[in-house]
Amino acid sequence: MFLLLPFDSLVVNLLGISITVLFTLLLVFIIVPAIFGVSFGIRKVYMKTLLKIFQWATLRIERGAKEKNHPLYKPYVNGIIAKEPTSLEEEIKEIRRSGSGKALDTPEFELSDIFYFCRKGIETIMDDEVTKRFSAEELESWNLLSRTNYNFQYISLRLTVLWGLGVLIRYCFLLPLRIALAFTGISLLVTGTTVVGYLPNGRCKEFLSKHVHLMCYRICVRALTAIITYHDRENRPRNGGICVANHTSPIDVIILASDGYYAMVGQIHGGLMGVIQRAMVKACPHVWFERSEVKDRHLVAKRLTEHVQDKSKLPILIFPEGTCINNTSVMMFKKGSFEIGATVYPVAIKYDPQFGDAFWNSSKYGMVTYLLRMMTSWAIVCSVWYLPPMTRQPKEDAVQFANRVKSAIARQGGLVDLLWDGGLKREKVKDTFKEEQQKLYSKMIVGNHEDRSRS
Amino acid sequence: MGSAHSVPAEMRELADRTGFTSEQIEHLHRRFKQLSQDQLTIRKENFDSIPDLEFNPIRGKIVHAFFDKRNLRQESDGLADEINFEDFLTIMSYFRPIEMNMDEEQLDRFRKEKLKFLFHMYDSDHDGKITLQEYRNVVEELLSGNPHLEKESARSIADGAMMEAASICVGQMGPDQVYEGITFEDFLKMWQGIDIETKMHVRFLNMETIAHCY
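Model, not experiment: these values are computed from the prediction.

Rules used in this analysis
Residues numbered from 1 in each chain as written. Chains lettered and ligands numbered in written order. Predicted model: local features only at pLDDT ≥ 70, side-chain atom pairs only at ≥ 80, totals over all residues. Heavy atoms only, no water. Helix = DSSP H or I, 4+ residues; strand = E, 2+ residues; numbered from the N terminus. Buried < 20%, exposed > 50% of the residue type's maximum accessible area, 1.4 Å probe, protein only. Contact = heavy atoms within 4.5 Å. Areas by Shrake-Rupley, 256 points an atom, 1.4 Å probe, with all protein chains shown as cover. Pairing = 2+ DSSP bridges. Axes fitted to C-alpha atoms, helices over the stretch in contact; angles between N-to-C directions. Phe/Tyr/Trp six-rings, centres within 6.5 Å; stacked < 30°, edge-to-face > 60°. Lys NZ or Arg CZ within 6 Å of the ring centre and 35° of its normal. UniProt positions renumbered as here; feature names shortened; annotations may be inferred. Arc of directions from axis to C-beta. Parallel < 35°, antiparallel > 145°, perpendicular 65-115°, else oblique. Left-handed = near helix turned anticlockwise from the far one by under 90°. Nonpolar A, V, L, I, M, F, W, Y, C, P; charged D, E, K, R; others polar. Patch = residues over 30% accessible without salt bridge, like charges linked within 9 Å, V, L, I, M, F, W, Y side chains within 5 Å. Salt bridge = Lys/Arg side-chain N within 4 Å of Asp/Glu carboxyl O. Core = buried A, V, L, I, M, F, W, Y, C linked by side-chain atoms within 4.5 Å.

*Asks:* When you look at the overall build of chain B in this model, what are you seeing that I'm missing?
*Replies:* When its secondary structure is counted, chain B shows nine helices and four strands. Helices and strands appear in chain B in the N-to-C order α-α-β-α-β-α-α-β-α-α-β-α-α. Here chain B, with 214 residues, has 47% of them falling under the buried criterion. Nonlocal contacts in chain B, meaning residues at least 24 apart in sequence, comprise 53% of its contacts between residues at least 6 apart. When the accessible surface of chain B is summed, it comes to about 11,000 Å², and 48% of that surface belongs to carbon and sulfur atoms.

*Asks:* How should the sheet that holds strand β10 (residues 380-386) of chain A be read in this particular structure?
*Replies:* Each strand in a sheet pairs with another by means of backbone hydrogen bonds, the pair being arranged parallel or else antiparallel. All names here are of chain A. Strand order across the open sheet formed by seven strands is β3-β10-β9-β4-β7-β5-β6, with mixed pairing between neighbours. The sheet terminates laterally at β3 (226-231) and β6 (287-289), the two strands that pair on one side only. When strand polarity is set aside, the average angle formed by the axes of neighbouring strands in this sheet is 25°. Sheet contacts for helix α11 (residues 297-309): β4 (241-245), β5 (263-267), β6 and β7 (316-318); angle to β6, the most-contacted strand, approximately 170°.

*Asks:* Looking at this model, I keep getting lost on the packing of aromatic side chains. Mind explaining?
*Replies:* Aromatic ring pairs are defined here through the distance separating the ring centres and the angle between the ring planes. On inspection of all chains with the given rule, the structure shows 13 aromatic pairs over all chains. For the ring pair Phe47(B) and Phe66(B), a centre distance of 5.0 Å and an interplane angle of 45° mean the geometry is tilted. Taken together, the residues span a long stretch of sequence, with Phe47(B) in the loop between β1 (41-43) and α3 (59-67) and Phe66(B) in helix α3 at a distance of 19 residues. Judged by its relative accessible area of 0%, Phe66(B) is buried. The rings of Phe32(B), Phe47(B), Phe66(B), Phe67(B), Phe85(B) and Phe88(B) are connected pair by pair, giving a single aromatic cluster. Directly above the ring of Tyr230(A) sits Arg233(A), whose terminal nitrogen or CZ lies 5.7 Å from the centroid. Positioned above the aromatic ring of Phe184(B), the side-chain terminus of Lys116(B) is 4.7 Å from the ring centre.

*Asks:* What is the right way to look at the UniProt feature "transmembrane region" (unreviewed entry) in chain A in this model?
*Replies:* All names here are of chain A. UniProt's feature table lists "transmembrane region" (unreviewed entry) at residues 12-42, 155-173 and 179-200, given in the numbering used throughout. Across residues 12-42, helical content stands at 84% and strand content at 0%; the span's end C-alpha atoms are separated by 31 Å. Helix makes up 86% of residues 179-200 and strand 0%, with an end-to-end C-alpha separation of 34 Å.

*Asks:* How should I be thinking about helix α1 (residues 9-18) of chain B in this particular structure?
*Replies:* Residue and element names in this part refer to chain B. What α1 keeps buried is the set Met 11, Leu 14, Ala 15 and Thr 18. On an axial view of α1, the arc spanned by its buried residues comes to 100°, and they lie on one face. Among the exposed residues of α1, those pointing more than 90 degrees away from its buried face are Ala 9 and Asp 16.

*Asks:* Just to check I follow, could you spell out the packing of α1(B) against helix α4 (residues 85-92) of chain B for this structure?
*Replies:* How two helices pack is summed up by the angle between their axes together with the distance between the axes. Residues and elements named next belong to chain B. At a minimum axis separation of 10 Å, α1 and α4 run at an interaxial angle of 30°. Put simply, α1 runs roughly parallel to α4. When you trace α1 past α4, the crossing you get is right-handed. Contacts between α1 and α4 involve Leu 14, Arg 17 and Thr 18 from the former and Phe 85, Glu 86, Leu 89 and Thr 90 from the latter. Broken down by class, the residue content of the contact of α1 with α4 amounts to three nonpolar, two polar and two charged.

*Asks:* Can you walk me through the packing of helix α6 (residues 157-197) of chain A against helix α9 (residues 271-283) of chain A in this structure?
*Replies:* Residue and element names in this part refer to chain A. In the contact formed by α6 and α9, the axes pass within 7 Å of each other and the chain directions differ by 35°. The handedness of the crossing between α6 and α9 comes out as left-handed. Contacts between α6 and α9 involve Ile 186, Leu 189, Val 190, Thr 193, Thr 194, Val 196 and Gly 197 on the former and, on the latter, Val 275, Ile 276, Ala 279, Met 280, Lys 282 and Ala 283.

*Asks:* I'm lost on a nonpolar patch on the surface in this one. Help?
*Replies:* Residues and elements named next belong to chain A. The grouping of Ile 17, Val 21, Leu 25, Leu 27, Val 28, Phe 29, Val 32, Ile 35, Phe 36, Val 38, Phe 40 and Ile 42 at the surface amounts to a nonpolar patch, some 1,100 Å² of accessible area in total. For the nonpolar patch, the element with the most residues is helix α1 (residues 4-36), which contributes nine residues. When you line up the elements, Val 21 lands in helix α1.

*Asks:* Please explain the nonpolar core as it appears in this structure.
*Replies:* Soluble globular proteins: nonpolar side chains tend toward being buried together. One finds Ile125(A), Phe66(B), Phe88(B), Met92(B), Phe117(B) and Phe187(B) to be the most contacted residues of the largest nonpolar core, which totals 61 residues. Leaving out residues up to four positions away in the same chain, Phe117(B) has contacts with Cys118(A), Ala65(B), Asn71(B), Ile91(B), Tyr94(B), Phe95(B) and Met200(B). In terms of nonpolar packing, the next biggest core, distinct from the first, is built from 51 residues, Ala257(A), Phe319(A), Tyr370(A) and Ile380(A) among them.

Laid out in structure tokens, this is it:
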């Protein structure tokens, strides 16, 4: 037993040294810049290096596949066009609604119905199931994450070693670093905002609150190694406005809030989230709702209106889609936030899936699993575009305004402007559906026509 | 990603004329070759090889639109027997999404082109008017999926819709006035102020916006 002592102390010493080194690194390179809002550019260099490695890995796989003369599976290009299985009824309703604005409960045939079938037809001519999956051409770059690789059998020894190294770096070096940072960020946020909450209201409190918030969000951004490019920052939201953005993951909040000072809107949760929420509201007025209040739309609208009308209060941050979408399209915006009558500042967020897929499929992964996946990816790379502010025109109703904002966001972010409700994400659409479409359509028209002629 | 290739001059010319990027043109060219079975032209029969198209009620009209000379930007009229890749691209360009950098005039022209394409789909006898009979024709086709539907119902639906269209275009008509048909100007009038551009386009998955990230 005594023989182990020197070995033990060696291990302990090594551990102590590595932890100290880690924390010094953390402090100097990450936390201090976050406090002051500067950047050393380390992340950009990291990103460029990664890209070079990915390209090399891709070429190896391609070579491997060519040697065996097999086609490769292309993970990012599901065919050449963005097709979504929309529900016929929903889409035709939307086309009509944005068209003549006729009553929806008595649909009858309209010239615009042909849009849907026409487009579907052209889509199938452009691309169908046959051409979709396999292509012998260039593979999209493989990012050394096994979760995105579908061509396992073409990996050579060298590539496996590289991949193994990648796993080691990600799980043993990056992950603890990131968890430590996240921990620091969140605890700083909670303590900072609580402390600031004790100050009397005034300019000092506001100033401190703003900087505490910004600092903690910046630390969280570094905790995810998020490399964000902001465009058109002169259009950033101002007090008394509503900031509207497309929603891909809970990380969106962190990304936007690290560049601006917003009032959050949401439901009070229990647990850690609840603690954070309660602390934040002490420092500055966020709008949190109890679970029971969320159902009451008038109450929600009233509180939001009150907040917006007070010019000293911060711009509200809202995600009108209501659920996380996979960042290739923008779904229908719920009209609630557009009825309030404030200036809307649209923001488009687009993620680059190469370094890590940020989409949260809440039916597949829980929050913790999702965060772990995020923290073990290479990085989260995204672009944020601040679009010029929009207001509701006198002849527009809330729905048309919402659609206009949505189109602007979709166009800027290069996303598909879809018309259907994000709630349909959880259902699976089968092939027999297509055949039913025609029958459904005719039933829809004829059924209602008969009702009308009877009444 | 991958190998860079030099863009041949014709490709660039095609890209300029139809507004697609060279990457999209390449994809479409592959698709064209697959449809035409490596021939230089496509005929109507080649569209039979697309299984998903079977389910579309207006399949006939869509395929017809590809061979309609009015859509091919040729001054002549009538039907072509076969089309080459350039014509294929021309038809596809009607479904291009709008771009960020388009000005008012371009947007307007774009919109008119899309609406003209639709108009030609309805106007099957090429006389520049959508008559009641042609309208009925389209409604019947759209409702053809339902085997229990009687012709009469389809007809009355079409009649109702046509009357509605007439009221928008001509206003109140006297009892002995006959509405001849919807001309293209009337057609445009019906769609005034309605944003069809985002409904009538097929979007390519492209990685261009990714490039903006760095």
